[in-house]
There are 2 protein chains.
Amino acid sequence: MNRVKCIISYDGSEFAGFQVQPNKRTVQGEIEKVLSRMHKGEFIRIHGSGRTDAGVHAKGQVFHFDTDLSLDEKQWIRALNTQLPEDISVLSAELVDSTFHARFSAQEKEYHYYVYTGTNRNPFLRKYSHHYPYGLDVEAMVKAQHYFLGTHDFTSFSSAKSEVEDRVRTISSFEIVEEHEQLIFKIRGNGFLYNMVRIIVGTVLEVGIGKRKPEDIPEIIQAKERAKAGKTAPGQGLYLYKVYY
Amino acid sequence: MNRVKCIISYDGSEFAGFQVQPNKRTVQGEIEKVLSRMHKGEFIRIHGSGRTDAGVHAKGQVFHFDTDLSLDEKQWIRALNTQLPEDISVLSAELVDSTFHARFSAQEKEYHYYVYTGTNRNPFLRKYSHHYPYGLDVEAMVKAQHYFLGTHDFTSFSSAKSEVEDRVRTISSFEIVEEHEQLIFKIRGNGFLYNMVRIIVGTVLEVGIGKRKPEDIPEIIQAKERAKAGKTAPGQGLYLYKVYY
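Residues numbered from 1 in each chain as written. Chains lettered and ligands numbered in written order. Predicted model: local features only at pLDDT ≥ 70, side-chain atom pairs only at ≥ 80, totals over all residues. Heavy atoms only, no water.

Per an unreviewed UniProt entry, chain A goes by the name tRNA pseudouridine synthase A and belongs to Pallidibacillus pasinlerensis. Its UniProt record, at the heading Catalytic activity (unreviewed entry), says of chain A: "uridine(38/39/40) in tRNA = pseudouridine(38/39/40) in tRNA". The UniProt entry for chain A carries the following comment under Sequence similarities (unreviewed entry): "Belongs to the tRNA pseudouridine synthase TruA family." (UniProt positions renumbered as here; feature names shortened; annotations may be inferred.)

Looking at the UniProt feature "active site" (unreviewed entry) in chain A
All names here are of chain A. Within this numbering scheme, the UniProt entry marks Asp-53 as carrying the feature "active site" (unreviewed entry). Following the sequence through the fold, Asp-53 ends up in the loop between strand S2 (47-48) and strand S3 (57-67). Residue classification places Asp-53 among the partly exposed positions, given a relative accessible area of 23%. Beyond its immediate chain neighbours, meaning those up to four positions away, Asp-53 contacts Gly-17, Tyr-194, Asn-195 and Arg-198. (Helix = DSSP H or I, 4+ residues; strand = E, 2+ residues; numbered from the N terminus. Buried < 20%, exposed > 50% of the residue type's maximum accessible area, 1.4 Å probe, protein only. Contact = heavy atoms within 4.5 Å.)

Concerning the interface of chain A and chain B
Contacts between the two partners involve 24 residues from chain A, matched on the other side by 24 residues from chain B. Regarding the contact of chain A and chain B, the summed buried area is about 2000 Å², with carbon and sulfur atoms giving 49% of it. Broken down residue by residue, the surface that chain A buries against chain B is led by Arg121(A), Phe124(A) and Arg126(A), which jointly contribute 40%. In this assembly, chain A and chain B are joined by eight salt bridges. The partner of Arg126(B) in a salt bridge is Glu14(A), with the nearest N and O atoms 3.6 Å apart. (Buried area = accessible area lost by both parts, 1.4 Å probe. Salt bridge = Lys/Arg side-chain N within 4 Å of Asp/Glu carboxyl O.)

With respect to the UniProt feature "binding site: substrate" (unreviewed entry) in chain A
All names here are of chain A. Residues annotated in UniProt with the feature "binding site: substrate" (unreviewed entry) correspond here to Tyr-111. Its place among the elements puts Tyr-111 in strand S5 (residues 108-116). If near-sequence neighbours (up to four positions away) are discounted, Tyr-111 is found in contact with Phe-185, Lys-186, Ile-187, Phe-192, Val-197, Leu-238, Tyr-239, Leu-240 and Tyr-241.

So, the relation of the copies chain A and chain B
With an RMSD of 0.0 Å, the operation that places chain A on chain B is a rotation of 180° combined with a shift of 0.0 Å along the axis. Here the two chains are linked by the operation of a two-fold rotation axis. If distances are taken from each C-alpha of chain A to the rotation axis, the shortest is found for Phe124(A), at 5.3 Å. (Least-squares fit on C-alpha atoms with pLDDT ≥ 70 in both.)

Side note on the side chain of His112(A)
Residues and elements named next belong to chain A. Looking at the secondary structure, you find His-112 in strand S5. Reaching out from His-112, the side chain makes a polar contact with the side chain of Glu-110 at a distance of 2.7 Å. Residues in contact with His-112, not counting those within four places in the same chain, are Ile-184, Phe-185, Lys-186, Gly-237, Leu-238, Tyr-239 and Tyr-241. (Polar contact = N/O pair within 3.5 Å; in protein donor to acceptor, adjacent residues only side chain to side chain.)

Quick notes on the packing of aromatic side chains
Across all of its chains, the model carries 29 aromatic pairs over all chains by this definition. Ring centres of Tyr111(B) and Phe192(B) lie 5.2 Å apart, and the angle between their planes is 85°; this geometry places the pair in the edge-to-face category. Pair noted here: Tyr111(B) is in strand S5 (residues 108-116) and Phe192(B) is in the loop between strand S9 (182-189) and helix H4 (196-208), with a separation of 81 residues, a long-range link. Of the two residues examined, Tyr111(B) and Phe192(B), each falls in the buried class. Lying over the aromatic face of Phe124(B), Lys59(A) brings its terminal NZ or CZ to 5.8 Å of the ring centre. Its guanidinium or amino end placed over the ring of Tyr239(B), Lys59(B) lies 5.0 Å from that ring's centre, counting from NZ or CZ. (Phe/Tyr/Trp six-rings, centres within 6.5 Å; stacked < 30°, edge-to-face > 60°. Lys NZ or Arg CZ within 6 Å of the ring centre and 35° of its normal.)

Re helix H1 (residues 27-38) of chain A
Residues and elements named next belong to chain A. Between its first and last C-alpha, H1 extends 17 Å over 12 residues, near the 16 Å set by a 1.5 Å rise per residue. When you tally the buried positions in H1, you get nine out of 12 residues, the bulk of the element. Inspection of H1 places Val-27, Gln-28, Glu-30, Ile-31, Glu-32, Val-34, Leu-35, Ser-36 and Met-38 among the buried residues, and these make up the whole buried set. Buried-residue contacts for H1 involve strand S1 (2-10), S3, helix H2 (73-83) and strand S4 (88-96). Regarding H1, its N-cap is Thr-26, as a side-chain oxygen of that residue lies 3.0 Å from the backbone nitrogen of Gly-29 further along. Lys-40 sits one or two positions beyond H1 and adopts a positive phi of about 55°. (Expected span 1.5 Å × (residues − 1).)

Quick look at the pairing of strand S10 (residues 238-244) of chain A
All names here are of chain A. Counting buried residues in S10 gives five out of seven residues, a clear majority hidden from the surface. Strand direction decides the pairing type here: S3 and S10, joined by two bridges, are parallel. Across the sheet, the residue bridging to His-57 is Tyr-239, located in S10. Both S5 and S10 contribute to a ladder of six bridges, which runs antiparallel. Among the inter-strand pairings, Glu-108 is bridged to a residue of S10, identified as Tyr-244. (Pairing = 2+ DSSP bridges.)

Description of the pattern of salt bridges
Inspection of every chain in the model, using the stated rule, returns 26 salt bridges over all chains. Between Lys127(A) and Glu14(B) there is a salt bridge, with its nearest N and O atoms 2.7 Å apart. Of this pair, Lys127(A) sits in the loop between S5 and strand S6 (130-131) while Glu14(B) sits in the loop between strand S1 (2-10) and helix H1 (27-38), on two different chains. Lys33(B) is the partner of Glu30(B) in a salt bridge, and the nearest nitrogen-oxygen pair spans 3.4 Å. In this pair, Glu30(B) and Lys33(B) both sit in helix H1, three residues apart, roughly one turn of the helix. Judged by relative accessible area, which is 46%, Lys33(B) ranks as partly exposed. Taken together, the salt bridges that share partners define one network made up of Asp11(A), Glu14(A), Arg25(A), Glu30(A), Lys33(A), Asp87(A), Arg126(B) and Lys127(B).

Next comes the structure, spelled out in structure tokens:
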């Protein structure tokens with residue numbers, strides 16, 4: 001048996017998310033369909049590093065699967081890309097040890113969130129960036145962002161639907177980069193709760209328009225209450241950028 | 001009566017082109033629908049600077065229309081953008097003299113054509129750039145491109161379906177810019193025949209992979225025969241960038 005680790009990029013616009021769901025077009029579903037075809041109908045389960053929601057993109061999602069086919073790495077890339085739809089691209093394939101697990105071996109993840117700040121609506125960014133043309137105080141946002149670094153209980157920044165018990169996570173880096181008319185939030189940590197990146201970005205944007213002060217962030221964290229934080233920023237600005245092992 | 005000139009940007013992916021066609025979603029159709037609604041059901045015809053094909057994009061398409069409404073320029077932008085679908089954006093609206101005509105007053109047009117040269121397929125560019133990962137000799141392409149400058153009969157570079165009689169056009173500038181993993185062909189001239197930009201780009205790409213020599217271009221132009229030129233590059237890489245008046 002061989003274990004294969006793949007890194008993929010996908011445009012999330014036309015997917016109901018990463019994870020398989022009945023009667024919906026999902027990234028996992030498309031990949032398992034192709035792999036099962038390659039294995040003469042034998043069902044092949046893939047294991048992703050984690051889910052992404054509907055409309056959320058990936059530049060470096062990782063999954064693994066087990067196979068008795070013995071293709072080399074280039075052959076895997078070619079075979080998969082030939083059969084996968086154009087909104088998924090396999091960037092690399094690697095034969096790994098059977099102890100490797102895309103989800104459980106992950107040390108850290110990095111997400112990028114794109115905010116388009118231009119006045120005019122941009123039709124090319126409508127599925128790829130969150131349009132927020134309200135005049136942002138980037139300096140205040142950078143101040144706010146520093147409070148997230150380190151180890152905290154992120155209950156205030158996770159969906160109230162979240163059923164995870166341990167909500168303590170460590171954010172190891174968080175920066176805001178300006179590029180053309182976009183701001184890119186780059187956030188890296190050892191784990192993220194459901195909707196955590198989108199709620200953090202939504203809250204920092206509220207600091208950007210003066211609705212909140214940077215100094216409010218520690219209180220919001222301490223409250224451990226979803227209602228204290230800002231709105232959940234929409235999915236189309238979010239990219240799973242890299243999984244670190 | 002007021003004449004209004006609008007500059008718009010659109011993502012062509014989900015349109016059957018600019019021009020109205022029965023039972024198809026077109027840019028003109030969407031705009032006329034909104035304008036007619038604003039005029040209480042009176043049909044308002046818009047006049048574009050020219051057509052764009054299915055899948056072709058625009059960053060600066062221009063149209064005009066006549067109206068007895070007296071909105072100012074900001075009000076026109078707001079009213080239209082509120083009602084138009086998200087893949088069309090009105091960038092500017094201007095009250096113009098009744099002698100202005102979006103098509104007949106145009107002096108020059110500029111098109112940009114995007115070619116993505118990276119090895120890995122990029123899901124985010126599939127509708128916005130032509131993937132051509134075959135290793136390009138950019139120096140040879142730049143040489144080839146110089147032969148297009150000036151005034152020529154471009155019969156070889158127009159669709160055989162073209163029924164225009166006078167196929168002499170002047171290209172005033174043509175450059176190739178490298179940006180990240182994309183090449184951008186920027187071409188400006190006093191008029192373009194049907195498919196002309198796409199056939200020119202397709203032919204220059206064939207020079208890039210060594211299938212043709214830069215010195216072949218003058219012969220191809222002189223032949224006045226569509227079959228002598230290269231393939232028509234696909235629509236999704238093409239952008240109507242600007243119309244000059």
